[in-house]
Amino acid sequence: MRDIEKTIGNLIDKQSVTFISSVDANNFPNTKAMLPPRKREGIKTFYFTTNISSMRVTQFEENSKACIYFCDRRFFRGVMLIGNIEVLEDSKSKEMIWQEGDTMYYSKGVTDPDYCVLRFTSIQGRFYTNFKSENFSI
């Protein structure tokens, strides 16, 4: 692949769903669909919003290993990124990705005690396209 960051970044930016996986207390993967990242820095760092009270936050606090997956169903291609997730509760991080309308999820606004940020930092990835897969480092 010529320009991994550009190719993967374009695929990510066009998706409306992110699949995110955590590891449970019995070391089994748990996957759920989430809204796309609110912010990304290349293909290295991604920021998501979620509820502090969620099962996923508890799992990430116990085991930071994570995976995110973006699927382009139209062209039957996708990218898996593996890395670690940090749960951020500081006001700077929360304000950075807060958007108008978020009160639908967090009624008390940006200071809602149930609102937090997940920062995913990727280590490596795997890109699938044209019936072939390719691993890459980040």
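Here goes a summary of the coordinates provided. Quick caveat: nothing in here was measured; it's all calculated off a predicted structure.

What counts as what
- Residues numbered from 1 in each chain as written.
- Predicted model: local features only at pLDDT ≥ 70, side-chain atom pairs only at ≥ 80, totals over all residues.
- Heavy atoms only, no water.
- Core = buried A, V, L, I, M, F, W, Y, C linked by side-chain atoms within 4.5 Å.
- Buried < 20%, exposed > 50% of the residue type's maximum accessible area, 1.4 Å probe, protein only.
- Helix = DSSP H or I, 4+ residues; strand = E, 2+ residues; numbered from the N terminus.
- Contact = heavy atoms within 4.5 Å.
- Pairing = 2+ DSSP bridges.
- Arc of directions from axis to C-beta.
- Patch = residues over 30% accessible without salt bridge, like charges linked within 9 Å, V, L, I, M, F, W, Y side chains within 5 Å.
- Areas by Shrake-Rupley, 256 points an atom, 1.4 Å probe, with all protein chains shown as cover.
- Salt bridge = Lys/Arg side-chain N within 4 Å of Asp/Glu carboxyl O.

1. Re the nonpolar core
Part 1: Among the nonpolar cores identified, the biggest contains 21 residues, and Ile12, Phe46, Ile68, Val79, Leu81, Leu118 and Phe120 are the most heavily contacted of them.
Part 2: Ranked by residues supplied to this core, first place goes to strand β7 (residues 115-129) with 4 residues.
Part 3: Other than its neighbours up to four places away in sequence, Phe120 contacts Lys44, Thr45, Phe46, Phe48, Ala66, Cys67, Ile68, Leu81, Ile82, Gly83, Asn84 and Ile85.
Part 4: Leu88, Tyr106, Tyr115 and Val117 belong to the second largest nonpolar core, which has 6 residues in total.

2. Concerning the environment of Thr50
Part 1: Tracing the backbone shows Thr50 in strand β4 (residues 45-51).
Part 2: Put simply, Thr50 and Val87 are 37 residues apart on the chain and 9.5 Å apart in space, counted from C-alpha to C-alpha.
Part 3: Setting aside residues up to four positions removed in sequence, Thr50 forms contacts with Met34, Val57, Tyr106, Asp114, Tyr115, Cys116 and Leu118.

3. Re the pairing of strand β8 (residues 132-137)
Part 1: Relative to β8, β7 is paired through 6 bridges, and the arrangement is antiparallel. Bridge pairing in β8 links Thr129 to Lys132.
Part 2: Two successive antiparallel strands, β7 and β8, enclose a turn made up of 2 residues, where Asn130 displays a positive phi of approximately 50°.

4. Some points on helix α2 (residues 55-62)
Part 1: What α2 keeps buried is the set Arg56, Val57, Gln59 and Phe60. Down the axis of α2, the buried side of the element spans an arc of 160°, and every buried residue falls inside it. In this structure, α2 carries Glu61 and Glu62 as exposed residues pointing more than 90 degrees from its buried face.
Part 2: In this structure, the buried residues of α2 make contact with β1 (18-23), β2 (29-34), β4, β5 (65-72), β6 (77-88) and β7.

5. A look at the pairing of β5
Part 1: Judged from the 3 bridges that link them, β1 and β5 form a sheet pairing that is antiparallel. Within β5, the position partnered with Ile20 by the bridge is Ile68.
Part 2: Note: β5 against β6, 8 bridges, orientation antiparallel. Residue pairing for β6: Ile68 is matched across the bridge by Leu81.
Part 3: In textbook terms, the turn of a hairpin is the stretch between consecutive antiparallel strands, and for β5 and β6 this stretch comprises 4 residues, one of which, Phe76, has a positive phi near 50°.

6. Focus on a nonpolar patch on the surface
Part 1: Nonpolar side chains collect at one region of the surface, where Leu35, Met104 and Tyr105 lie side by side and expose about 360 Å² of accessible area between them.
Part 2: Here Met104 lies in the loop between α3 (91-97) and β7.

7. A word on the pattern of salt bridges
Part 1: Inspection of the entire model under this criterion finds 5 salt bridges.
Part 2: Two residues, Asp72 and Arg77, come together in a salt bridge whose shortest N-O distance is 2.9 Å.
Part 3: On the basis of relative accessible area, Asp72 is assigned to the buried category, the value being 9%.
Part 4: Arg119 is the salt-bridge partner of Glu86, the closest N and O atoms lying 3.0 Å from each other. Taken together, the residues span a long stretch of sequence, with Glu86 in strand β6 and Arg119 in strand β7 at a distance of 33 residues.

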